[in-house]
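In case you want the letters, here they are:
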Amino acid sequence: MNTTILSAVTFVYLASFVLFIVSEATGKGGWEKAGRLVALGGFFLHTAGIVLRWVESHHAGMGHAPLSNFYESLVFFSWAVVFLYLVYAWRQASGIIGAFVMPVAFLLMAYASFSPSVDSQIKPLIPALKSNWLIVHVITCFLGYAAFVLASVFGIMTLMKGDNPGRSGAVAGMLDNCLKTGYILFTLGIVTGSVWAHMAWGRYWGWDPKETWALITWLIYTGAIHVRIRDGAPSRRFVIILIIGLAGVAFTYFGVNYLPGLHSYQ
Amino acid sequence: MSEKDKKGAGGKGVRLLRGLASLRITEAILLWIALMCIAATVIPQAPYRPTAGVSPAGRVMMLLSLKDVFHSLWFLAPVAVLALNMSACMWVRMGRRGSTRGGAMPRTSLSEVNLPAGSDLERVMEGLRGLISAGRAPAVRDREEPPVLMGEKGSLRRFAPLLVHGSIFFILVGVALAFTGFKGTVEIPEGETRDVATLYDGTPVHLGFALRCNAFDIEYYKNGMPKEYRSRITFIRNGRSEQEKSVLVNHPVSFQGILFSQSGYNQLAEASLTVEGPSGAQSLLAVEGSMIEVEDTPFRIHVMRVVQDMMRMGPGVQLLVEGSESRQVLWLFRDIKAISKRYPGITDKVPQFNPSLIKPYTFVLDGVTMRNTTILGVNRDPGVPFVAVGAVLFIAGITMIFLMAHERVWVLVERDRGGLKVTLARRINGRPVPVDVHLVERVKGLGGRSS
């Protein structure tokens, strides 16, 4: 049942994306408002799907937070992207933000729901994953990833010419907020992951490819913050670093699965 | 020191310090460390190579090798430079920010308000004091002539960059201390005691106490997947049992500063044998991979394989019996009589199956039992508390940097053409910024009221 709801969410996000595109093309605010409302509706449905999956896992006698395999991580990643979009950009009546953000949420859900290589079944947890630190680790990491996705979107928007100054000021503000949120959460994700590794494997850091790539991504964003402070305003090279950082996020999440290590999803 | 920096002249030392504190160096080093990390995930890594017996030249080569990036000069040297860069930066930049220098009224982004003639200086000053201290605790600092008022809030924020960068040093100290510890495993069959762990580079380490594995249990889900691994361990020191603990995945146990975590398990096949000879019969326990010296016989037995069911012929064991002049492989089966009945003459066709092949002895396999062995991770890392404190301070520091603002507002009052000229200035996190319009409006109101 939960997978049916979550598959439906994919199409709601697609619809929201189309509405935002139409709003940008026509310049009419009504389409933009409709896009935001559809995105909000999709978000509620998405949240309900995740909660239902949690309840269903309890009914199946396995009872664990839906954050334990590749499918569940994709669903949560998409949820986090939409959640932060609503938090940061709800008041911004700008279709272009939604037109950038919603396809990310849509593609993550589409990949989770329709790729034959992603198993959507609820499975019991292996002993290593039975830890409350897992829940904190996954939530902080993916909220951090989502904030970095939004930071890149806002970064690209600051480079787009022809914007009115009021809007670009607001976008720069949202960019800073997303970068700050992402950096705090991602750092917390690394720290909670270290605590979990200490509990599960007896060492807080082991240079596993996922750990190493998380550090690489963290170093890129640390560099981005220093460049942002030095330049005083979102500069071109700052945005380029943000985009490189997003590539780091993508590799930490997906790419590492192709390298041998303890974090590969099953 | 900060006074010297201010003047900008300074000696060679100060110039070097300023050069080292450059953000460009920070960016370059972060990039280099990131590239090294990428190299470590692309080039297959072979850490934990034994160093015993390696020549000094060999050790230098190991230090330069990219096969163990994180222990190589290519990684450790830039980390050391980063530490220097951060120290210099903390000394030069943040020392300056933390000092009173930033307390001076800025000369840019000023707002001026002219109050009309007849405005009462005392009343205006009182009003300004009230305005400035509103929401900006603790309050107002009066200066000497001309009177300047300053109100500030969030003053702790200026120490946050020091906190963040200082916390990295805690982490680096913790990481350095990890080199004084060790990482390895210990494998203990159920019911047995071990006091030596094997490090990842193969070196054995005496723990100074012993562990007995009283039991190792696996719980399964209905679908057969493992649900829980549990080792019941007794810690024994000087022959006395001191503690009995269960080690589970995600629930490690610490004893004498060493952390034991449930890392894996094995199943050990164990065969009970009887060797019958001219001087009588001897019972032996044979574990796969072990070597047994049999008393009153000329040979040693290498236990090659112990199998619970060998090709549907029941329990079997493969031995290499090594005499003073000959070597002979034997396959012993517990049910050799039944096998001989099923396949008449098999012990002649396959002499290895003949339990009496090595005369005048007869080898009998009494049975094979499976015994669980637990594999525990053994880690001693005295740096963990430092890393933990560093991580907590780092998070506290970045949260302060991102969520707090250190705001200071200055007001300078001067007599001007019979009236009063009020100059307002504001800094947020050390940078001059325009004064809040509402504040300017309220200052204008002060003059109006008094006239």
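Residues numbered from 1 in each chain as written. Chains lettered and ligands numbered in written order. Predicted model: local features only at pLDDT ≥ 70, side-chain atom pairs only at ≥ 80, totals over all residues. Heavy atoms only, no water.

Participant: What is the right way to look at a nonpolar patch on the surface in this model?
Facilitator: All names here are of chain B. On the surface, a cluster of nonpolar side chains totalling about 900 Å² of accessible area is made up of Leu-31, Trp-32, Leu-35, Val-60, Met-61, Leu-63, Leu-64, Leu-66, Leu-73 and Trp-74. Listing elements by their share of the nonpolar patch, those giving two or more residues are α3 (23-42), α4 (56-64) and α5 (73-98). Here the nonpolar patch takes 4 residues from α4, the largest share from any one element. Mapped onto the fold, Leu-35 is located in helix α3. On the accessibility criterion, Leu-35 (42% relative accessible area) is partly exposed. (Patch = residues over 30% accessible without salt bridge, like charges linked within 9 Å, V, L, I, M, F, W, Y side chains within 5 Å. Areas by Shrake-Rupley, 256 points an atom, 1.4 Å probe, with all protein chains shown as cover. Salt bridge = Lys/Arg side-chain N within 4 Å of Asp/Glu carboxyl O. Helix = DSSP H or I, 4+ residues; strand = E, 2+ residues; numbered from the N terminus. Buried < 20%, exposed > 50% of the residue type's maximum accessible area, 1.4 Å probe, protein only.)

Participant: What's the story with the sheet that holds strand β14 (residues 316-322) of chain B in this structure? I'm lost.
Facilitator: Pairing between sheet strands relies on hydrogen bonds along the backbone, with the strands arranged either parallel or antiparallel. Residues and elements named next belong to chain B. Taking strand neighbours across the sheet as the criterion, the 4 strands line up as β12-β13-β14-β15 in an open arrangement whose pairing is antiparallel. The two strands at the open ends of the sheet, each matched to only one other strand, are β12 (291-293) and β15 (327-333). Across the sheet, the mean angle from the axis of one strand to that of its neighbour is 25°, orientation sign disregarded. With 7 bridges connecting them, strand β13 (residues 300-307) and β14 associate as antiparallel partners. (Pairing = 2+ DSSP bridges. Axes fitted to C-alpha atoms, helices over the stretch in contact; angles between N-to-C directions.)

Participant: Help me understand unusual backbone geometry in this model?
Facilitator: Apart from glycine, the bulk of residues carry a negative phi angle, and the bulk of peptide bonds sit in the trans form. All names here are of chain B. With omega at 5°, the peptide bond leading from Lys-359 into Pro-360 counts as cis. Within the element layout of this structure, Pro-360 appears in the loop between α9 (346-349) and β16 (362-380). Even without a glycine there, the phi angle at Ser-109 is positive, about 55°. Structurally, Ser-109 can be placed in the loop between α5 and β1 (111-115). Looking at Ser-109, the relative accessible area reads 31%, which means it is partly exposed. Positive phi values are uncommon outside glycine, yet Asn-429 reaches one of about 50°. With respect to the element layout, Asn-429 can be found in the loop between β18 (419-428) and β19 (431-433).

Participant: Quick question: what am I supposed to make of helix α2 (residues 29-59) of chain A here?
Facilitator: One turn of an α-helix holds 3.6 residues; hence residues three or four places apart share an orientation. Residues and elements named next belong to chain A. Its 31 residues place the ends of α2 45 Å apart at the C-alpha level, agreeing with the 45 Å of an ideal helix rising 1.5 Å per residue. Those residues of α2 not exposed but buried are Glu-32, Gly-35, Arg-36, Ala-39, Gly-42, Phe-43, His-46, Gly-49, Ile-50, Arg-53 and Ser-57. Buried residues along α2 sit against α1 (2-26), α3 (70-89) and α4 (95-114). Backbone geometry just after α2 places Gly-61 at a positive phi near 80°. (Expected span 1.5 Å × (residues − 1). Contact = heavy atoms within 4.5 Å.)

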